[in-house]
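Results of the structural survey
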Amino acid sequence: MQSHDVDYRILGSDIQVLEIELDPNETVIAEAGAMVYMEEAIAFETKMGDGSEPDQGILGKLFSAGTRLITGESLFMTHFTHRGAYGKSRVAFSAPYPGTIIPVDLRTMPQGLIVQKDGFLAAARGTKIGIHFNQKLGAGFFGGEGFILEKLTGDGKAFIHAGGTIIEKQLNNELLRVDTGCVVAFEPSINFSIARAGGLKSMIFGGEGLLLATLQGTGRVWLQSMPVKKLIQALAPTGGNASKESGSVLGRLVGGVLDE
């Protein structure tokens, strides 16, 4: 199914809002609960699946919806459609935590885009939202993303969100080491794995954790400066981010002793 060609604008800086402008009979799909406001001509309907295969049977819809449950997402998605006869109408969405909304044009990504499992926000109808299995055992256990990621494919616009500032990097047969959890999205040509964070001394006292994610190959990657887990830790009343050593094994042990 060819994706609908939607227009958009992104409002705000710290806690952004995505406003989608629809022509009559155009539809945008979004995660349940992401809508902020919609104009009068917009009608919404909750459905199983992303609507990318309108002729799909009930078993296919159940399978598609079931894959979303595997990734930890809701069984249903909300479809917003301009039901008016003329003019444009708008619907807006927000991310569930402070950060940045990233527009991506899937027409430039024939192999699709792999996204962290809670990174999808909205997309033009016709976008297929599937799953991607991380085949490397170590990356699945320790890479911060788990075994199962989301994969977006299609020929229209999609929107993903992440915490803090977003950094887009183009790798040209290069290797990039990243704090686990900071990976937002990457093209399928990139190999995602994990590696030790230096020697034993660095792993224990360095404050960077035991492992780092590694991204290697040729393609684009998107990183976030403040994963939601780090945000929660920084805001925790126990002061989990009170010192530079708080991210290290020793820092966590000492912090636990002092809290007693």
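Residues numbered from 1 in each chain as written. Predicted model: local features only at pLDDT ≥ 70, side-chain atom pairs only at ≥ 80, totals over all residues. Heavy atoms only, no water.

Remarks on the sheet that holds strand β2 (residues 17-22)
Hydrogen bonds between backbone atoms are what pair the strands of a sheet, whose relative direction is either parallel or antiparallel. To be explicit about the condition: Whether two strands pair comes down to DSSP finding at least two bridges between them. Only DSSP runs of H or I reaching four residues or more are called helices, and only runs of E reaching two or more are called strands; each is numbered from the N terminus. Between N-to-C directions, angles cover 0 to 180 degrees, with each direction set by a line fitted to C-alpha atoms, over the stretch in contact for helices.
Read across the sheet, 4 strands follow the order β1-β2-β7-β4 without closing on themselves; strand pairing throughout is antiparallel. On the outer flanks of this sheet lie β1 (7-11) and β4 (35-38), each paired with one strand and no other. The average undirected angle you get between the axes of adjacent strands in this sheet is 20 degrees. The pairing of β2 with strand β7 (residues 89-94) spans 6 bridges and is antiparallel.

Points about the nonpolar core
Cut-off, in case you're wondering: Side-chain atoms within 4.5 Å link the members of a nonpolar core, which is a set of buried Ala, Val, Leu, Ile, Met, Phe, Trp, Tyr and Cys residues. Working definition: with a 1.4 Å probe on protein chains only, accessible area under 20% of the residue-type maximum means buried, over 50% means exposed, and in between means partly exposed. We call two residues in contact when some of their heavy atoms are within 4.5 Å.
With 19 residues, the main nonpolar core has L113, L152, I160, V184 and W222 as its most contacted residues. Elements with a contribution of two residues or more to this core: β8 (99-105), β9 (113-115), β10 (120-124), β13 (157-163) and β15 (183-186). Broken down by element, this core gets its largest block of residues, 3 residues, from β13. For I160, the residues in contact, after removing those within four places along its chain, are T100, I101, I102, L113, V115, G119, F120, L121, L152, V184 and A185. Within the second largest apolar cluster, 16 residues are counted, among which are F80, V91, F93 and F159.

Description of the pattern of salt bridges
Note the threshold: Counted as salt bridges are all cases of a side-chain nitrogen of Lys or Arg within 4 Å of a carboxyl oxygen of Asp or Glu.
Summed over all chains, the structure comprises 10 salt bridges. In this structure, R9 and E19 form a salt bridge, with 2.7 Å as the shortest nitrogen-oxygen distance. Taken together, the residues R9 in strand β1 and E19 in strand β2 connect sequence positions 10 residues apart. Across the pair R107 and D105 runs a salt bridge, and its minimum N-O distance is 3.1 Å. Residue classification places R107 among the exposed residues on the basis of a relative accessible area of 53%.

Remarks on a nonpolar patch on the surface
Stated precisely, the cut-off is as follows: Exposure above 30% relative accessible area and no salt bridge define the residues that can form patches, which grow by joining like charges within 9 Å and nonpolar side chains of Val, Leu, Ile, Met, Phe, Trp and Tyr within 5 Å. Values of accessible area rely on a 1.4 Å probe in the Shrake-Rupley scheme; residue burial ignores everything except the protein chains shown.
Taken together, M35, V36 and Y37 make up a surface patch of nonpolar side chains, about 230 Å² in accessible area. Looking at the secondary structure, you find Y37 in strand β4.

Points about the packing of aromatic side chains
Describing an aromatic ring pair means giving the distance of the ring centres and the angle of the ring planes. We count it as follows: Planes of paired rings set the category: under 30 degrees apart is stacked, over 60 is edge-to-face and the rest tilted, where pairs are Phe, Tyr or Trp rings (Trp by its six-membered ring) whose centres lie within 6.5 Å.
Tallied over the full model, the rule gives 4 aromatic pairs. Ring geometry for Y8 versus F159: centroids 5.0 Å apart, planes at 70 degrees, classification edge-to-face. With Y8 in strand β1 and F159 in strand β13, this residue pair connects regions lying 151 residues apart in the sequence. Taking the relative accessible area as the measure of exposure, Y8 reaches 33% and is therefore partly exposed. The rings of F44, F80 and F93 are connected pair by pair, giving a single aromatic cluster.

Quick look at the confidence of the model for the chain
Counted only if it meets this: pLDDT measures how confident the predictor is about each residue, on a scale from 0 to 100.
Confidence in the prediction of the chain, expressed as mean pLDDT, is 77, and 68% of residues score 70 or more. Across residues 137-146, where pLDDT falls below 50, the model places 26 contacts with residues more than four positions away in sequence or in other chains. For the stretch residues 242-260, pLDDT sits under 50, and the model shows 21 contacts to residues farther than four places along the chain or on other chains.

Structural notes on unusual backbone geometry
Residue N25 is not a glycine yet carries a positive backbone phi of 75 degrees. Within the fold, N25 resides in the loop between β2 and β3 (27-31). Although it is not a glycine, N173 adopts a positive phi angle of roughly 55 degrees. Take N173: it is sitting in strand β14 (residues 166-179). Note on N173: relative accessible area 66%, which makes it exposed.

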